[in-house]
Amino acid sequence: MFSLSNSLSFLKASGVQVADEVCRIFYDMKVRKCSTPEEIKKRKKAVIFCLSADKKCIIVEEGKEILVGDVGVTITDPFKHFVGMLPEKDCRYALYDASFETKESRKEELMFFLWAPELAPLKSKMIYASSKDAIKKKFQGIKHECQANGPEDLNRACIAEKLGGSLIVAFEGCPV
């Protein structure tokens, strides 16, 4: 039987913490304040997180982000660029601010990813899988979650399925 106290005990026992910067980035991505055009350009479209070298803290992976202001300027396809930032042989967590369209409206919603590629070491897969709850507890209100084990899990059709299935007609400006 699941209980919150058992979960908290597990998190303490695993020793995995979530860095304050990770929580701040999540909050900034989740809360869309009325902003100036310059502030909007600095908003994060995607961010990748990893475990610290000692495997005790989930941190922001340096240089692994896409800013809204880069889309259409230095980055033409933000989702393809995001997928390309994921390591081929190690695990990661990520937040992606997905833009998609249904038949009725255009939406933007955050997606949480656990990237655990087949080529990653077994120990890494185990640590990331067992630490996932620590980061998810900090990301209250995430509607969409995706575990991907290879590039085939990150094609537009798979992502559209996670976002709403047959209701989705376009993802990141491209028809599905």
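Computed from a predicted model, the values in this text were never measured in an experiment.

Procedures and definitions
- Residues numbered from 1 in each chain as written.
- Predicted model: local features only at pLDDT ≥ 70, side-chain atom pairs only at ≥ 80, totals over all residues.
- Heavy atoms only, no water.
- Phe/Tyr/Trp six-rings, centres within 6.5 Å; stacked < 30°, edge-to-face > 60°.
- Helix = DSSP H or I, 4+ residues; strand = E, 2+ residues; numbered from the N terminus.
- Buried < 20%, exposed > 50% of the residue type's maximum accessible area, 1.4 Å probe, protein only.
- Salt bridge = Lys/Arg side-chain N within 4 Å of Asp/Glu carboxyl O.
- Disulfide = S-S within 2.5 Å.
- Pairing = 2+ DSSP bridges.
- pLDDT = per-residue confidence, 0-100.
- Contact = heavy atoms within 4.5 Å.

Undergrad: It is not clear to me how the packing of aromatic side chains should be interpreted in this structure. Could you clarify?
TA: Aromatic ring pairs are defined here through the distance separating the ring centres and the angle between the ring planes. Evaluated as defined, the whole model comprises 11 aromatic pairs. When the ring of Phe49 is compared with that of Phe139, the centres are 6.0 Å apart and the planes differ by 55°; the resulting orientation is tilted. Here Phe49 is found in strand β2 (residues 44-51), whereas its partner Phe139 is found in the loop between α5 (122-138) and β6 (144-148), with 90 residues between them in sequence. You'll find Phe49 and Phe139 in the same group, each marked buried. One aromatic cluster in this structure is built from Phe26, Phe49, Tyr93, Phe112, Tyr128 and Phe139.

Undergrad: Mind showing me how you'd approach the pattern of salt bridges here?
TA: Pairs can form between side chains of opposite charge whenever their charged atoms are close. This structure, assessed with the given rule, holds 12 salt bridges. Across the salt bridge formed by Lys44 and Glu65, the nearest N and O atoms sit 3.1 Å from each other. Here Lys44, found in strand β2, pairs with Glu65, found in strand β3 (residues 57-67); they are 21 residues apart in sequence, far enough to count as distant. With relative accessibility at 31%, the residue Glu65 sits in the partly exposed group. With its nearest N and O atoms 2.6 Å apart, the salt bridge here joins Arg92 to Glu61. Taken as a pair, Arg92 in strand β4 (residues 92-102) and Glu61 in strand β3 lie far apart in primary sequence, 31 residues in all. The same class applies to Arg92 as to Glu61, namely buried.

Undergrad: I keep staring at the state of the cysteines and nothing clicks. Help me out?
TA: Every disulfide links exactly two cysteines, by a covalent bond between their sulfur atoms. All told, the structure shown has 0 disulfides when counted by the stated rule. No disulfide involves Cys23; its nearest neighbouring cysteine sulfur is the one of Cys57, lying 9.2 Å away. With relative accessibility at 22%, the residue Cys23 sits in the partly exposed group. No disulfide involves Cys91; its nearest neighbouring cysteine sulfur is the one of Cys50, lying 11 Å away. For Cys91, a relative accessible area of 0% gives the class buried.

Undergrad: Got a minute to help me understand the pairing of β4 in this structure?
TA: If a strand is regular, its side chains alternate between the two faces of the sheet. The buried fraction of β4 amounts to 10 of the 11 residues, a majority that puts the element mostly inside the structure. Relative to β4, β2 runs antiparallel, the two being bridged by 4 bridges. Within β4, the residue paired with Val47 across the bridge is Leu95. In sequence, β4 turns back onto strand β5 (residues 106-115) through a hairpin of 3 residues. Bridging between β4 and strand β7 (residues 168-171) involves 3 bridges; their strand directions are antiparallel. Looking across to β7, one finds that Thr102 is bridged to Ile168.

Undergrad: What is the right way to look at the confidence of the model for the chain in this model?
TA: Residues shown with low pLDDT carry predicted positions that ought not to be read at fine detail. For the chain, the average pLDDT comes to 88, and 90% of its residues sit at 70 or higher. Looking across the chain, the model is least confident in helix α1 (residues 4-14), with a mean pLDDT of 41, and most confident in β2, with 97. For residues 1-13, every residue scores under 50 in pLDDT, and the model assigns this stretch 8 contacts once sequence neighbours within four places are set aside.

Undergrad: Quick question: what am I supposed to make of the side chain of Asp97 here?
TA: Residue placement: Asp97 occurs in strand β4. With relative accessibility at 1%, the residue Asp97 sits in the buried group.

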